[in-house]
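Letter by letter, the chains look like this.
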Amino acid sequence: MDVTISMEDDKQTLASLGGHLVQDMRQITSDFRLGFGSFVDKVVMPYVDMTPEKLKNPCPDRKECVPPYGFKNHLSLSNDTYQFTNEVSTAKISANLDDAEGGFDALMQVIVCKDKIRWSDRSRKIVVFATDSNFHYAGDGKLGGIVKPNDEKCHLDANGEYTESKSQDYPSLSQINRVIMEQKINLIFAVPQEVRKTYENLSGWIEGASTSVLEKDSSNIVELIKTQYQKIRSEVILADDAPPGISLKYFTKCLGDKLTESKRCEGLDIGDTVIFEAQLMLEKCPLEKSHRNRTFHIYPIGLNEVLEVQLEMLCDCDCADEQEPNSSRCDGVGNYQCGICDCPEGWFGRHCECNSKDYELGRGDSVEGCRAEGVGPLCSDRGDCVCGQCECVTPSINPNHLVYGTYCECDNFSCDRGENKEICGGEKRGECKCGNCTCHKGWKGPTCDCLDTIETCRPLKNTEVLCSGHGTCVCGVCQCAHTSEGHYGGPYCEECPSCKEKCSEFRACVECKAFGQGQYSQEECKNCTFVSDVVDVLNESPTDRKCIFTDQNGCSFTFTYNFDSNRKPIVIVLKQKDCPEVVDALAIGIIIAGGIVLIGLVILLVVRFCFYVQDKRAYARFMEDTKKAVWADENPIYRQAKINYQNPIYKKES
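Source: prediction; values computed, not measured.

### As for the sheet that holds strand S15 (residues 340-342)
Strand order in this open sheet of 3 strands is S13-S14-S15, and the pairing throughout is antiparallel. Edge positions in the open sheet fall to strand S13 (323-324) and S15, since each of these has one partner strand only. Here strand S14 (residues 335-337) runs beside S15; their pairing, made up of 3 bridges, is antiparallel. In the strand pairing of S15, Asn335 is matched with Asp342.

Spelled out as structure tokens, the structure:
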């Protein structure tokens, strides 16, 4: 796993899901072990900041960030779930400068360190490569002054750290592919959508590699590994390391009965047996005889099993070692070898009967054998008459063009061209022989343009009716008829836009025959003999016409019609009608009324509650104001009940 700072959430998610991963995988296989390793990049410029402060903490705003390193194996393969979760959780985040990471260094060490990683020879090996960035590869190390190529050897110390990170360059793509092929590793690139395209292209160059999209927080990593494992386990893909000049074709029936050309079988389960057949072709013989005995291997990708093939190339005939010098069969001047004459210099002809000094073109009796029936141009003006025989010359720069025949009268390029502008319709349809097209199986006609079959004119495989009875089959294509009913069209002449529809004409019969209703009486219904069947499911063919009507009860019914070879109608009716649900008006009225009453009660309660809250708040304010009031010794607004007034005009008696 890439443990740069951008993968922090992914690491935490993997730690939390470690137990689920083991639990899910043990439902698939009884023997499941997993390990964990992390990588950052080479600790040299320009990949990391080499200042002491940055080396100590490459991300100073984070206390848990550790110095960068190349690769570290935290946990070799083990079935201890707790230890795996603990190692992932305690692995610290680091950082580097550039966008690409040193994942190829880590991948090489994981593959070649068999003992320290604890790979089993008989196990199915899977490496999940989780990152969100691009990768460095061979040649990038030169930027940091590293020129020594990767040696494809294990360099992990006792602590599981890669010791040659600063000394050796990154591995190349071919090196990664080679060690994966040798160790039978299945590689899964788990990357986000942003770099998916890059790693998909990379997977195409590595045998047994695949790419899956990782969510931003790696929350789908358990499902990703489980899905990829099931895919790897349920398919077999053959590969080989055959040398140049040898081609292999693979054929298999997989789980079916048909033998097809394929090197892959999918959908397999434990216990299934699949037989492959390999066809080997020798395309060219090596010039050096020492290279004609070769050994190569055929093997299933990702499995530690191999079939060794020892090949001996027979490039020379056995008769080459046996020859008859100055044979009488070769006019006494040539050597008879492998059924033909090997003529010495200056002699030629089938039996070395011609001497180049005695024969010249167009002179003497030697030319008589070069004219058809003794007359006409020499060699049809398309060859040279040499020693009484025509040597044809092809007047074309096309190497596939050929002039042949006793008098050079034939060729393979003067035939008529088909509608695709190719001679005799092309190599797949026919070939030109002496001016006439000889068609391959399945084709006919003067230019092999016509399909020699009527099967393509059948709308259904089990029907004898061609072109729906509305046309004729010409060269495997329906030529539709123009009738008084209208003009038919479509691939099988099943369409007739100008024809009058028969739906309304058949409706009454369908209603009375299938449902016992409608406008027809029982006597009239007896004449509806074309209603052939009432079915639970309509199986429509491309030529069927579908009709839908609504009866007096509001229910819709469906039927299809077609015509047989005698143009008699065939009507198929769907038994089940589609009726609308009956609505109970009284129940709906009660529900609506009850709803209105309930809403009114709720509104009243809400209003009453609001008044209650408002009164309670007013009373509380009144009581608070009462407590705050300060009264004097005498009420200022108090008045005595008795008041005396002095009458100013009253005078006492003297």
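Additional details are given in the paragraphs that follow.
### Some details on a nonpolar patch on the surface
Together, Ile599, Ile603, Val607 and Phe611 give the surface a local cluster of nonpolar side chains, amounting to about 380 Å² of exposed area. Tracing the chain through its elements places Phe611 in helix H12 (residues 585-628). Accessibility expressed as a relative area gives 48% for Phe611, which makes it partly exposed.

### Some details on H12
For H12, spanning 44 residues, the distance from its first C-alpha to its last is 65 Å, which sits close to the expected 64 Å at 1.5 Å a residue. Counting buried positions along H12 yields 0 of 44 residues, so the element is predominantly exposed.

### With respect to the layout of surface pockets
Which parts of space are left empty comes out when a probe the size of a water molecule is rolled across the atoms. Empty space within the largest pocket amounts to approximately 1,000 Å³. Those elements giving two or more residues to the lining of the largest pocket turn out to be helix H2 (18-26), strand S1 (34-39), strand S2 (71-78), helix H5 (103-112), strand S3 (125-130) and helix H9 (221-233). The residue inventory of the lining of the largest pocket, partitioned by class, reads 25 nonpolar, 9 polar and 5 charged. Space inside the second largest pocket adds up to approximately 760 Å³. Breaking the lining of the second largest pocket down by element, the ones donating at least two residues are H9, strand S6 (236-240), strand S10 (276-282) and strand S11 (293-300). Residue composition of the lining of the second largest pocket, grouped by class: 15 nonpolar, 7 polar and 8 charged.

### Focus: the side chain of His74
With respect to the helices and strands, His74 occurs in strand S2. Within the structure, His74 has its side chain in polar contact with the side chain of Ser38 (distance 2.6 Å). Residue contacts for His74: discarding those within four places in its chain leaves Phe36, Gly37, Ser38, Tyr69, Glu87 and Ala91.

### Structural notes on the pairing of S11
By the bridge criterion, 3 bridges tie S6 to S11 in an arrangement that is antiparallel. Residue pairing across strands places Ala239 opposite Tyr299, the latter belonging to S11. Sheet topology note: the S11/strand S12 (residues 307-312) ladder contains 6 bridges and is antiparallel. Looking across to S12, one finds that His297 is bridged to Glu308. The loop that links S11 with its antiparallel partner S12 comprises 6 residues; one of these, Gly302, has a positive phi angle of about 85°.

### With respect to empty space enclosed by the protein
For the coordinates displayed, the defined rule picks out 1 cavity of 30 Å³ or more. There is about 50 Å³ of room inside the largest cavity. Surrounding the largest cavity, Ile180, Met181, Lys184, Ile185, Glu207, Tyr299, Pro300, Ile301 and Gly302 form its lining. Counting residues per element, the ones that place at least two in the lining of the largest cavity are helix H7 (173-183) and S11. Here the lining of the largest cavity is composed, by residue class, of 6 nonpolar, 1 polar and 2 charged.

### Here's the deal with the confidence of the model for the protein
Of the residues in the protein, 92% reach a pLDDT of 70 or more, and the chain-wide mean stands at 83. Per-element averaging of pLDDT across the protein places H2 at the bottom with 71 and H5 at the top with 94. Below a pLDDT of 50 lies the segment residues 361-365, which in the model reaches 4 contacts outside its immediate sequence neighbourhood of four places, other chains included.

### What to know about the state of the cysteines
Under the counting rule described, the total for this entry stands at 19 disulfides. A sulfur-sulfur separation of 1.8 Å characterises the disulfide bridge that pairs Cys450 with Cys475. Of note, the bridge from Cys450 to Cys475 carries an S-S torsion of about -110° and is left-handed in sense. Of the two residues, Cys450 is situated in strand S25 (residues 450-451) and Cys475 in the loop between strand S26 (471-474) and strand S27 (477-480); the sequence distance between them amounts to 25 residues. Under the relative-accessibility criterion, Cys450 is labelled buried at 10%. Among the residues examined, Cys475 registers a relative accessible area of 31% and is labelled partly exposed.

### Let's talk about the sheet that holds strand S4 (residues 185-191)
Two pairing modes exist for strands in a sheet, parallel and antiparallel, and in both the strands are linked by backbone hydrogen bonds. The strand order across the open sheet formed by 3 strands is S3-S4-S5, and the pairing between neighbours is parallel. Whereas interior strands pair on both sides, the edge strands pair on one side only; in this sheet they are S3 and strand S5 (209-213). Within this sheet the neighbouring strands show an average axis-to-axis angle of 25°, counted without direction. Judged from the 5 bridges that link them, S4 and S5 form a sheet pairing that is parallel. Opposite Ile188, over in S5, you have Ser210 as the bridge partner. The sheet strands contacting helix H8 (residues 196-203) are S3, S4 and S5, and the helix crosses S5 at an angle near 165°.

Reading the values: rules and limits
- Counting from 1, residues in each chain are numbered in the order their sequence is written.
- Where local features are concerned, this predicted model is filtered to residues with pLDDT of at least 70; where side-chain atom pairs are given and counted, the filter is 80 or more; whole-chain, interface and lining totals use all residues.
- Excluding hydrogens and water, the side-chain figures rest on all heavy atoms present in the structure.
- At least two DSSP bridges between two strands are required for those strands to pair.
- Strands are runs of DSSP state E lasting at least 2 residues, helices are runs of H or I lasting at least 4, and numbering of each runs from the N terminus.
- Patch building starts from residues that exceed 30% relative accessible area and form no salt bridge, then joins like charges within 9 Å and nonpolar side chains (Val, Leu, Ile, Met, Phe, Trp, Tyr) within 5 Å.
- Method for areas: the Shrake-Rupley scheme with a 1.4 Å probe, in which residue coverage is limited to the protein chains shown.
- In what follows, salt bridge is the name for a side-chain nitrogen of Lys or Arg lying within 4 Å of a carboxyl oxygen of Asp or Glu.
- Each residue's exposure class comes from its accessible area (1.4 Å probe, protein chains only) as a fraction of the maximum for that residue type: buried when under 20%, exposed when over 50%, partly exposed otherwise.
- In this analysis, the expected span of each helix is defined as 1.5 Å times one less than the number of residues it contains.
- A cavity here means a set of 1 Å grid points, computed over protein atoms only, where a 1.4 Å probe fits but cannot escape. A pocket is an open set with protein on both sides within 12 Å along at least 5 of 7 lines, and lining residues have an atom within 4 Å of a point.
- Grid points are joined across faces, edges and corners, and a volume is the space filled by probe spheres set on the points.
- In this classification, the charged set is Asp, Glu, Lys and Arg, the nonpolar set is Ala, Val, Leu, Ile, Met, Phe, Trp, Tyr, Cys and Pro, and all remaining amino acids, among them Gly, are polar.
- Two N or O atoms form a polar contact when they lie within 3.5 Å of each other; inside protein one atom must be a possible hydrogen donor and the other a possible acceptor, and for residues adjacent in sequence the pair counts only when both atoms belong to side chains.
- In what follows, a contact means two residues having at least one pair of non-hydrogen atoms within 4.5 Å.
- What pLDDT conveys is the predictor's confidence in a given residue, as a value from 0 to 100.
- Here, a disulfide means two cysteine sulfur atoms that sit within 2.5 Å of each other.
- Every axis in this analysis is a line fitted to C-alpha atoms, fitted for helices over the stretch in contact. Angles between the N-to-C directions lie between 0 and 180 degrees.

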